[in-house]
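Fold and geometry: a report
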Amino acid sequence: NVGGWLVLEDWFFSGFKGTHVMSVTPEGQGLCLPPVLTELEETWPSEGILVQRLKDTVGVDKTVEIFDAHRHEYVGNTDLRRIRDLGIKSVRVPIPWYTFQDALYD
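Scoring rules and cut-offs
- Residues numbered from 1 in each chain as written.
- Predicted model: local features only at pLDDT ≥ 70, side-chain atom pairs only at ≥ 80, totals over all residues.
- Heavy atoms only, no water.
- Helix = DSSP H or I, 4+ residues; strand = E, 2+ residues; numbered from the N terminus.
- Expected span 1.5 Å × (residues − 1).
- Buried < 20%, exposed > 50% of the residue type's maximum accessible area, 1.4 Å probe, protein only.
- Arc of directions from axis to C-beta.
- Polar contact = N/O pair within 3.5 Å; in protein donor to acceptor, adjacent residues only side chain to side chain.
- Contact = heavy atoms within 4.5 Å.
- Salt bridge = Lys/Arg side-chain N within 4 Å of Asp/Glu carboxyl O.

1. Examining helix H2 (residues 47-58)
Two residues of an α-helix separated by three or four positions point the same way, owing to the 3.6 residues in each turn. In this model, H2 (12 residues) spans 16 Å end to end at C-alpha, consistent with the 16 Å of a helix rising 1.5 Å per residue. Buried within H2 we find Glu47, Leu50 and Leu54. Taken end-on, H2 shows its buried residues confined to a sector of 55 degrees, consistent with a single buried face. One or two steps after H2, the chain reaches Gly59, where phi turns positive at roughly 90 degrees.

Structure below.
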């Protein structure tokens, strides 16, 4: 599933403690962001809150490193070859608007 590659939803990253396929509480279920963050002490309900908490606790550079590692390793060439070998001809990749937010600036 490539759904958690570019759009982070807490339930996708709830590990073995997740019980729902949606957030049912304001605290959320997110507990990790592989490969760098394997387990957090406090759950996160949204990507925005995760980013803010990481910036506040580990700083901007480490936050960027964590997200870069996730974006580069969550879906790789091996995954894409497996999809192809299964005969799948197209894949829907959710892309959030903020992927292109720099286009909003002159």
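And the narrative resumes.
2. Concerning the side chain of Thr63
Tracing the backbone shows Thr63 in helix H3 (residues 60-73). Among the residues examined, Thr63 registers a relative accessible area of 5% and is labelled buried. Within the structure, Thr63 has its side chain in polar contact with the backbone nitrogen of Lys55 (distance 3.3 Å). Dropping the residues within four chain positions of it, Thr63 is found in contact with Val51, Leu54, Lys55 and Val58.

3. Here we look at the pattern of salt bridges
All chains considered together, the criterion is met by 5 salt bridges. Glu42 serves as the salt-bridge partner of Arg53, at 3.5 Å between the closest nitrogen and oxygen. You can see Arg53 sitting in helix H2 and its partner Glu42 sitting in the loop between helix H1 (3-6) and H2, a full 11 residues away along the chain. The class of Arg53 is partly exposed, set by a relative accessible area of 29%. Of the charged contacts, one joins Asp85 and Arg84 as a salt bridge, the two residues approaching to 3.0 Å between their closest N and O atoms.

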